Amino acid sequence: MTVQTQRRSGGGYLERPAPSGLADVIEIILDKGIVIDAYVRVSLVGIELLTIDARIVIASVDTYLRFAEATNRLDLYEKGGKDLSEMVHDLQETGASGKTQGAVEGVKRALKGGHSADDEDDEERRPAKKTASRRRAESSR
Amino acid sequence: MNTGAATGGTAQVSLGADQALFVYGVLRVDDADGVLRPLTGLDGEEVRLVRAGSLAAAVSDMGLDRPPGRRAELLAYQGVLDVLAAAGPVVPIRFGSVMADEDAIVEELLLPQEGQLAVILDELVGRHQYNLRATYVEDAVLADLVRTEPEIRRLRDHTRRLPKDAGYADRAQLGELVFRAMQERSAYDATVLLDAIDQFVVECLLRTPPSATQLVDAALLVDDARSEELADRLEDLAEAVHDRIRLRLVGPLAAYDFVGESTWD
């Protein structure tokens, strides 16, 4: 949406982009909204959509090899090692009204929501391209 | 253009005309006054309202002999719904929906579905959708796995020393272990993240399940009054975990994910 709420100063780790590109918009609207099938529905969805859809890859040996390569390419650095829930917990200790997290409830929500889980081997890949635009997106408005 | 040719499986009815109405969404007639003008929709056509009872549908003229599928149409559709959503609750009608004329919109959409649409619209008063995505900084997570998983560390040390075209089976096994471990971690971290913002969210739907590289792809329905707290909370979280997870929040949006699929069921 074009309206960006003004963020407090500082921070800037949370990306708040205005969805302006085709890929963003497709992601937001595709297959969403009420379908009414008693009347003509004209598909305006053309070739451009197909290229975006090509993001889905099947986890296969090729995928595994990619992860193996990425793992081997690493320069290990000793750092951190905290579990995410510990980090969130630390945050809540220091911050406002904390709420203990119930993993079970979260799992229930995960089961209820969204698309079918499909085959667990299906994996959605997205190119890692966001880092560079993060600060800019934050500071632009 | 024959409408049947372009649709890929959607049931078709012949319009018997070359002009029709593109439908964007439905809103409460009380919210509609003064919202629209001037608002431009697909093909540069002006968006107007078709009213019936307590509801109004936002539509614009569309020629049926037009070429299909250009980015301009998607952007225009979302742009119109942005404006409508900023003014009040709106039920988006799925992109690509076209009805024959104003009579059809009144008789086949607004009047028969008035009760259900009104219920959905009431639910959306003072609320908007936000899309949240969380992705891993891959190298950081991989490093963590090498550090904490002995078998991954062993296979890594082993395959690293081999020539590039050797050790295929070991490499595949290493990759599979890494992939599975990331999937597991992703499912766990997703619940941690979503629980941490639960109190600011009316409803949360996962748009896609957690995967090895993306923990969260969720639509959040949020009270406008709490949206700032949510953003602040996410900012704190993003800062705390930024060396391994990136958070991205898009919105406020029309509640695309919270209106159901069909008015019929």
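Nothing here was measured: the structure is a model prediction, and the numbers come from that model.

Peer 1: Report on the confidence of the model for chain B, specifying residues and quantitative values.
Peer 2: All names here are of chain B. Across chain B, the average pLDDT comes to 87, with 89% of residues at 70 or higher. Note on residues 1–15: pLDDT under 50 across the span, and 22 contacts to partners over four residues away in sequence or across chains. For this predicted complex, the interface confidence score (ipTM) comes to 0.78, while the overall pTM stands at 0.75.

Peer 1: Residue-level account of the packing of aromatic side chains, with values.
Peer 2: Two measures describe an aromatic ring pair: the distance that separates the ring centres and the angle between the ring planes. Following the criterion strictly, the structure yields six aromatic pairs over all chains and no others. One aromatic cluster is present, built from ring pairs that chain together F22, Y24, Y77 and F95 of chain B. Just above the ring of F67 of chain A sits the side chain of R66 of chain A; from NZ or CZ to the centre is 4.5 Å.

Peer 1: Pulling in residues and values, what's your account of the environment of V59 of chain B?
Peer 2: Residues and elements named next belong to chain B. Considering the arrangement of structural elements, one finds V59 in strand β3 (residues 55–63). Classification of V59 by relative accessible area gives buried; the value is 0%. Sequence spacing of V59 and E46 is 13 residues, and the spatial spacing of their C-alpha atoms is 8.5 Å. If near-sequence neighbours (up to four positions away) are discounted, V59 is found in contact with L21, F22, V23, Y24, E46, V47, R48, V50 and I105.

Peer 1: Please give an account of the side chain of N72 of chain A that cites residues and values.
Peer 2: With respect to the helices and strands, the residue N72 of chain A is situated in helix α3 (residues 61–73). Residue N72 of chain A is classed as buried on the basis of its relative accessible area, which comes to 12%. In terms of polar contacts, N72 of chain A uses its side chain to reach the side chain of T159 of chain B, at 3.1 Å.

Peer 1: Any chance you could break down the side chain of Q129 of chain B for me, citing the residues and the numbers?
Peer 2: Residues and elements named next belong to chain B. Mapped onto the elements, Q129 comes out in strand β6 (residues 127–136). Take Q129: its relative accessible area is 0%, and that puts it in the buried class. Of the polar contacts made by the side chain of Q129, one reaches the side chain of N131; its length is 2.7 Å.

Peer 1: Describe the packing of helix α5 (residues 138–148) of chain B against helix α7 (residues 168–197) of chain B, listing the residues and the values that go with them.
Peer 2: Residues and elements named next belong to chain B. For the pair α5 and α7, interaxial distance at closest approach is 11 Å and the crossing angle is 105°. With respect to each other, α5 and α7 are oriented roughly perpendicular. Of the residues in α7, those touching α5 at E138, V141, L142, D144, L145 and T148 are V178, A181, M182 and R185. Per-class residue counts for the contact of α5 with α7 are six nonpolar, one polar and three charged.

Peer 1: Now, about empty space enclosed by the protein: what can you tell me, with residues and values included?
Peer 2: Going through the model one piece at a time under the given rule, you end up with three cavities of 30 Å³ or more. Around the largest cavity, the lining residues are P19, D24, E27 and I28 of chain A together with N131, L132, R133, D217, R248 and V250 of chain B. Broken down by secondary-structure element, the contributors of at least two residues to the lining of the largest cavity are α1 (22–29) of chain A together with β6 and β9 (245–253) of chain B. Of the residues that constitute the lining of the largest cavity, the class distribution is four nonpolar, one polar and five charged. One number sums up the size of the second largest cavity: a volume of about 50 Å³. Along the walls of the second largest cavity sit A85, G88, P89, V90, L124, R127, H128, L253, A254 and A255 of chain B, which together make up its complete lining. Among the residues forming the lining of the second largest cavity, the class breakdown is seven nonpolar, two polar and one charged.

What counts as what
- Position labels on residues start from 1 in each chain and follow its written sequence.
- Chains and ligands are labelled sequentially in the order written, the chains with letters from A and the ligands with numbers from 1.
- Local features are withheld for residues below a pLDDT of 70 in this predicted model, meaning they are given only at 70 or higher, and side-chain atom pairs are given and counted only at 80 or more; totals for whole chains, interfaces and linings count all residues.
- The side-chain numbers reported here are obtained from all heavy atoms of the structure, hydrogens and water having been left aside.
- Per-residue confidence from the prediction method is given by pLDDT, with values spanning 0 to 100.
- By the convention used here, residues are in contact when the closest approach between their heavy atoms is within 4.5 Å.
- When the centres of two rings from Phe, Tyr and Trp lie within 6.5 Å, Trp using its six-membered ring, the rings pair. Their planes under 30 degrees apart give stacked, over 60 give edge-to-face, and anything left gives tilted.
- Counting as a charge over the ring demands two things of the Lys NZ or Arg CZ atom: a distance within 6 Å of the ring centre and an angle within 35 degrees of the ring normal.
- Only DSSP runs of H or I covering at least 4 residues are called helices, and only runs of E covering at least 2 are called strands; the numbering of each starts at the N terminus.
- The buried label goes to any residue with under 20% of its type's maximum accessible area, the exposed label to any with over 50%, and the partly exposed label to all in between, with areas taken from a 1.4 Å probe on protein chains only.
- Polar contacts, as counted here, are pairs of nitrogen or oxygen atoms within 3.5 Å of one another; within protein the pair requires one atom able to donate a hydrogen and one able to accept it, and residues that are adjacent in sequence qualify only if both atoms are side-chain atoms.
- To get an axis, fit a line to the C-alpha atoms, keeping to the stretch in contact for a helix; angles then go from 0 to 180 degrees between the N-to-C directions.
- Note on terminology: angles under 35 degrees are roughly parallel, angles over 145 are roughly antiparallel, angles of 65 to 115 are roughly perpendicular, and the others are oblique.
- Here the term charged refers only to Asp, Glu, Lys and Arg, the term nonpolar to Ala, Val, Leu, Ile, Met, Phe, Trp, Tyr, Cys and Pro, and the term polar to all other amino acids, Gly among them.
- Using a 1 Å grid laid over the protein atoms alone, points where a 1.4 Å probe fits but cannot get out form a cavity; open sets with protein on both sides within 12 Å along at least 5 of 7 lines form a pocket; any residue with an atom within 4 Å of a point counts as lining.
- Grid points are joined across faces, edges and corners, and a volume is the space filled by probe spheres set on the points.

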